Each structure stands twice: as structure tokens, then as C-alpha cells.
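Observations on chain architecture
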2 protein chains.
Amino acid sequence: MGLASETYLQGACEAECPVRRAAEVLEGKWTTLIVRELVSGVKRYSELQRALAGISPKILADRLALLQVKGLVVKTIYPCVPPKTEYELTPLGREMEKVIRAMAEFGLMLQAAGEATSARP
Amino acid sequence: MGLASETYLQGACEAECPVRRAAEVLEGKWTTLIVRELVSGVKRYSELQRALAGISPKILADRLALLQVKGLVVKTIYPCVPPKTEYELTPLGREMEKVIRAMAEFGLMLQAAGEATSARP
DNA sequence: CCGCATCCCTATTGATACTG
DNA sequence: CAGTATCAATAGGGATGCGG
């Protein structure tokens with residue numbers, strides 16, 4: 001890596017720009033956090049809801065449906081009672097892990113910077 | 001890298017979760033695309049507006065102001081006529097480049113996957 | 001002209017209650 | 001359990017205007 005990577009950031013941001021394509025998938029509040037949960041494996045709806053403190057059931061369902069339509073997540077329904085559904089990243093969806101990791105590293109830098117400024121007496 | 005990186009993706013997504021911290025900064029439509037433009041160097045307001053086809057002046061100004069408040073962008077005003085302002089990433093802001101690159105790589109995978117499915121005759 | 005600020009409208013998100 | 005229905009709040013977006 002690092003050879004052709006410069007070209008990602010050159011020129012205007014056209015419709016075919018890879019960053020724009022990725023942004024269209026990852027946009028929307030909670031989307032990246034939902035993906036973060038799924039990176040560590042298959043999850044049930046209720047597990048996601050509990051892990052993502054503060055998310056509303058509507059948004060969770062909406063985002064999962066969108067990710068499903070875009071081919072990044074698969075949903076499996078087990079016809080039993082009580083009902084049980086599982087969500088899992090597709091191979092294409094697992095490609096988002098790199099993005100999540102990069103975000104995590106940036107988040108750590110943010111935290112370090114924030115603590116440094118708030119620690120001034 | 002890769003040693004402690006696993007810990008980024010473990011456990012529930014608490015308020016201190018690095019991915020959540022990053023998401024709070026990068027959230028909002030256009031934000032990542034604005035950062036993408038600034039990664040390649042100092043840019044004027046009008047340059048950003050032209051490069052980001054379709055963005056409204058309000059959103060562009062709002063996003064830049066937010067990034068400024070969060071310490072990721074600095075704004076320089078040149079008191080001349082016609083007016084001229086320049087926007088530049090701070091050292092902390094430049095840490096977002098890794099995220100943008102990861103998104104770009106993911107965007108290429110999306111494109112490849114999309115072409116593969118649409119190419120079925 | 002450039003770089004926004006303002007007004008106003010639509011779309012997305014969110015809280016809550018309820019159902020198969 | 002796994003969502004949907006409903007309604008209120010907030011963010012996004014277009015048009016216009018204005019000071020420098």
C-alpha cells in the first residue's frame with residue numbers, strides 16, 4: 001500500500017470519488033457505531049440496542065435495513081418463539097473494519113488532545 | 001500497529017469509546033469530503049465550494065466553523081478586497097487523513113462490487 | 001465580486017407507545 | 001424479542017441579501 005494511494009486525494013470530489021462513495025454508505029448518525037459492533041461478530045437486534053446506549057429502535061432498524069440493501073449486512077430470521085434475528089457483516093461489509101480502526105485511532109488522538117487542554121490549572 | 005488495536009473494538013460503545021469520539025467529529029453530511037479537500041493543502045472558501053459540487057454555502061460555512069471550534073481547522077482572514085479567507089488543517093486535523101484514506105480504499109471496493117453486479121448481462 | 005448571514009422550508013432523527 | 005406507528009425536534013438545503 002501507499003503507491004497509488006495518493007490519487008485518492010487528488011482533484012475535485014466528483015461523483016465517482018471513492019471517498020464520496022464511502023461517505024454515502026457510512027453517512028447517518030449511528031451507522032459507524034453499528035458497524036463497530038458488528039465487526040466483532042454476529043449480533044442480535046437486542047444486543048445492538050443495548051450496546052448502543054441512546055439509540056432509538058426506529059433508527060437502529062432503519063440503519064440495519066439500509067446496510068442490508070447496500071449489501072454490507074445480512075439478516076437472518078429464525079422462525080421460533082420468542083423471535084430471534086441475527087445481523088452479520090458480509091465480506092464487503094467487513095471491508096469497513098479498516099475505516100472503523102482508523103476512526104478509533106483518531107478518537108484516541110482527540111481524547112489525548114482534549115485531556116491535555118482541560119488539564120491546564 | 002495491531003498490538004493493542006483489538007481493544008478499540010471490544011466491549012459496549014460507551015461515551016468514552018474512541019470510535020464514538022471520532023464519529024462525533026466526522027458526523028454530518030459533507031464533513032469528510034471537506035476534510036478530504038483540506039488534506040491536500042490550504043484552500044479558500046470558494047475553492048472548497050467549487051470542488052464540493054452540490055454543497056450549499058450555509059452547510060460549508062457551518063461545517064468549517066464546527067471543525068474550527070473542535071481544533072481541527074484554522075481559518076485565516078486576509079483583510080483585502082476582494083475578501084480572502086483560507087482554511088487549513090491543524091496538526092490534530094491532519095490525523096484525519098488516515099480515516100479519509102481508509103474510506104477511499106473502502107470506496108474502491110464498493111465501486112468494484114457495484115460494477116461486478118451491474119455487469120451481469 | 002467574495003464570503004458568508006438570514007429566512008424559510010424539507011428531510012432526517014429522536015422519544016415514546018404499542019403490536020405480532 | 002423485534003420491531004412498527006405516531007408525533008415532536010433537529011439538521012440539511014435553497015434563495016436571497018449585504019458588508020467589505
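Quick summary incoming for the structure in this document. (Residues numbered from 1 in each chain as written. Chains lettered and ligands numbered in written order. Predicted model: local features only at pLDDT ≥ 70, side-chain atom pairs only at ≥ 80, totals over all residues. Heavy atoms only, no water.)

Remarks on the relation of the copies chain B and chain A
When chain B is fitted to chain A, the best match, at an RMSD of 0.1 Å, comes from turning it 180 degrees and sliding it 0.0 Å along the axis. Between the two chains, the operation in question is that of a two-fold axis. Ranked by how close their C-alpha atoms come to the rotation axis, the residues of chain B are headed by Val99 of chain B, at 3.0 Å. Take the interface residues of chain B: 100% of them recur as interface residues in chain A, which is what a same-surface contact looks like. (Least-squares fit on C-alpha atoms with pLDDT ≥ 70 in both. Contact = heavy atoms within 4.5 Å.)

Quick look at the protein's contact with DNA strand C
In the region of DNA strand C, 22 residues are neighbours, and Lys29 and Arg63 of chain A together with Lys75, Thr85 and Tyr87 of chain B sit closest. Considering DNA strand C, the proportion of its atoms within 4 Å of the protein that are sugar or phosphate atoms stands at 68%. Between Arg63 of chain A and DNA strand C, the recorded distance is 2.4 Å, taken from a side-chain N or O atom to a phosphate oxygen. Contact distances for DNA strand C include 2.5 Å between a phosphate oxygen and a side-chain N or O atom of Tyr87 of chain B. Mapped onto the surface near DNA strand C, the elements with two or more residues apiece are helix H4 (57-69) of chain A together with helix H3 (45-51), helix H4 (57-69) and strand S3 (84-89) of chain B. With four residues, H4 of chain A is the single largest residue contributor to the surface near DNA strand C. Considering only residue class, the surface near DNA strand C consists of ten nonpolar, five polar and seven charged. (Near = heavy atom within 4 Å. Polar contact = N/O pair within 3.5 Å; in protein donor to acceptor, adjacent residues only side chain to side chain. Helix = DSSP H or I, 4+ residues; strand = E, 2+ residues; numbered from the N terminus. Nonpolar A, V, L, I, M, F, W, Y, C, P; charged D, E, K, R; others polar.)

Some words on the protein's contact with DNA strand D
The local shell around DNA strand D holds 20 residues, among which Ser46, Thr85 and Tyr87 of chain A together with Lys29 and Arg63 of chain B are the closest. Within 4 Å of the protein, atoms of DNA strand D come from sugar and phosphate in 74% of cases. Taking Ser46 of chain A, its side chain carries an N or O atom lying 2.7 Å from a phosphate oxygen of DNA strand D. The side chain of Lys75 of chain A places a nitrogen or oxygen atom 2.9 Å from a phosphate oxygen of DNA strand D.

Regarding the layout of surface pockets
Gaps left between atoms show up when a probe the size of a water molecule is rolled over them. In this structure, the second largest pocket occupies an estimated 580 Å³ of space. Lining the second largest pocket are 25 residues, and of these Glu27 and Gly28 of chain A together with Leu26, Glu27 and Gly28 of chain B lie nearest its centre. A class-by-class count of the residues in the lining of the second largest pocket yields eleven nonpolar, six polar and eight charged. (1 Å grid on protein atoms, 1.4 Å probe; cavity = no way out; pocket = protein on both sides within 12 Å on 5 of 7 lines; lining within 4 Å. Points joined across faces, edges and corners; volume = space filled by probe spheres on them.)

Describing the interface of chain B and chain A
Between chain B and chain A, the contact holds 50 residues from the first and 50 residues from the second. Contact with chain A buries surface across chain B, with Leu9, Arg36 and Phe106 of chain B losing the most and accounting together for 17% of the total. Where chain B touches chain A, the interface holds zero residue pairs in polar contact (both at pLDDT 80 or more). For the side of chain B that touches chain A, the element with the most residues is helix H6 (residues 97-118) of chain B, which contributes 16 residues. Tallied by class, residues from the side of chain B that touches chain A come to 30 nonpolar, seven polar and 13 charged. (Buried area = accessible area lost by both parts, 1.4 Å probe.)

Honestly, it's all geometry; don't read function into it.
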